[in-house]
Amino acid sequence: MQPRIETLKEKKLVGLSLKMSLADNKTAELWQSFMPRRKEINNPQATEIFSLQVYEPSYFDSFDPYKVFEKFALVEVTDFEVIPHKMKKFTLPGGLYAVFDYKGLSTDTKIFEYIFSTWLPGSTYSLDNRPHFEILGEKYANNDPNSEEAIWIPIKYKEIVGA
């Protein structure tokens with residue numbers, strides 16, 4: 001599976017977040033708290049939902065299921081004029097992304113194993129320290145093998161050693 005490479009422009013997002021680890025995954029809790037409140041965001045830019053992760057710079061240096069990251073459930077907005085109570089604003093920085101159009105269960109980790117173990121090492125790119133996210137559009141269906149989403153991985157060109 002080859003991704004398309006896109007340059008993303010900065011986006012304004014609003015939603016909720018929780019800190020978690022792979023071992024203490026609180027994704028269901030996050031979405032159960034966000035989805036009923038989604039309509040409180042009165043200036044949406046589009047209908048898609050962002051599932052976004054912010055990792056510390058050293059997060060991918062070695063696998064540790066107990067490393068903590070912050071996960072967000074967000075909607076793109078036109079501005080930050082009105083933020084619903086207890087929701088957060090988040091500015092997604094622009095930059096280069098590898099975008100994988102994925103069809104299947106969101107709980108199946110094989111796509112991420114492929115991205116990080118096969119595609120990325122064999123590409124001319126390396127991981128960049130910016131948020132990772134998935135765009136859940138109208139073809140997304142939770143726990144459905146026919147569900148579709150776009151996986152956005154932040155990348156930069158590999159540095160040539162000795163150049």
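These notes cover the structure that comes with them. (Residues numbered from 1 in each chain as written. Predicted model: local features only at pLDDT ≥ 70, side-chain atom pairs only at ≥ 80, totals over all residues. Heavy atoms only, no water.)

This next bit is on the overall build of the protein. A count of helical and extended segments in the protein gives two helices and nine strands. For 163 residues, the compact-globule estimate of 2.2 N^0.38 gives 15 Å, and the protein sits close to it at 16 Å. Dimensions of the protein, computed from C-alpha atoms along their principal axes, come out at roughly 50 × 30 × 30 Å. Counting across all 163 residues of the protein, residues that qualify as buried make up 41%. Summarising the internal contacts of the protein: among those between residues at least 6 apart in sequence, 76% fall at separations of at least 24. Looking at the protein as shown, the accessible area adds up to about 9600 Å², and 52% of this sits on carbon and sulfur atoms. Both charge centroids of the protein, one from 20 positive and one from 23 negative side chains, sit 2 Å from each other. (Helix = DSSP H or I, 4+ residues; strand = E, 2+ residues; numbered from the N terminus. Rg over C-alpha atoms; globule rule 2.2 N^0.38 Å. Buried < 20%, exposed > 50% of the residue type's maximum accessible area, 1.4 Å probe, protein only. Contact = heavy atoms within 4.5 Å. Areas by Shrake-Rupley, 256 points an atom, 1.4 Å probe, with all protein chains shown as cover. Lys, Arg positive; Asp, Glu negative; His and termini not counted. Charge placed at Lys NZ, Arg CZ, Asp CG, Glu CD.)

A few words now on the nonpolar core. Within the largest apolar cluster, 14 residues are counted, with the highest numbers of intra-cluster contacts made by Leu52, Leu92, Phe133 and Trp152. Where this core is concerned, the elements lending two or more residues are β3 (44–54), β4 (69–77), β5 (88–92), β6 (95–103), β8 (132–136) and β9 (148–157). Discounting chain neighbours no more than four positions away, the residues touching Phe133 are Leu8, Phe50, Ser51, Leu52, Gln53, Leu92, Tyr97, Ala150, Ile151 and Trp152. (Core = buried A, V, L, I, M, F, W, Y, C linked by side-chain atoms within 4.5 Å.)

With respect to the secondary-structure elements, Phe60 resides in the loop between β3 and β4. Spatially, the C-alpha atom of Phe60 lies 25 Å from that of Leu13, the residues being 47 residues apart in sequence. With sequence-adjacent residues up to four places away left out, Phe60 is seen in contact with Tyr55, Phe116, Leu127 and His132.

Within β8, five of the five residues are buried, leaving the element largely enclosed by the surrounding structure. Of the two faces of β8, both are covered, the one formed by His132, Glu134 and Leu136 as well as the one formed by Phe133 and Ile135. Inspection of the sheet shows β3 paired to β8 by five bridges, in the antiparallel sense. Following the sheet pairing, Gln53 is matched in β8 by His132. Sheet topology note: the β8/β9 ladder contains three bridges and is antiparallel. Within the sheet, the bridge partner assigned to Glu134 lies in β9 and is Ile151. (Pairing = 2+ DSSP bridges.)

A complete count under the given rule lists 15 aromatic pairs for this structure. For the pair Tyr59 and Phe60, a centre-to-centre distance of 5.0 Å together with 75° between the ring planes defines the contact as edge-to-face. Note on Tyr59: relative accessible area 9%, which makes it buried. With a relative accessible area of 35%, Phe60 lands in the partly exposed category. Where Tyr97 meets Trp152, the ring centres are 5.7 Å apart and the plane angle is 65°; that geometry is what we call edge-to-face. Taken together, the positions of Tyr97 in strand β6 and Trp152 in strand β9 put the pair 55 residues apart, joining distant regions of the chain. For the pair formed by Tyr97 and Trp152, the shared burial category is buried. Among the aromatic residues, those joined into a ring-pair cluster are Tyr55, Tyr59, Phe60, Phe69 and Phe116. The ring of Tyr59 carries the charged tip of Lys67 above its face, separated from the ring centre by 5.7 Å. The residue whose ring lies beneath Arg130 is Tyr97, and the NZ or CZ to ring-centre distance is 4.6 Å. (Phe/Tyr/Trp six-rings, centres within 6.5 Å; stacked < 30°, edge-to-face > 60°. Lys NZ or Arg CZ within 6 Å of the ring centre and 35° of its normal.)

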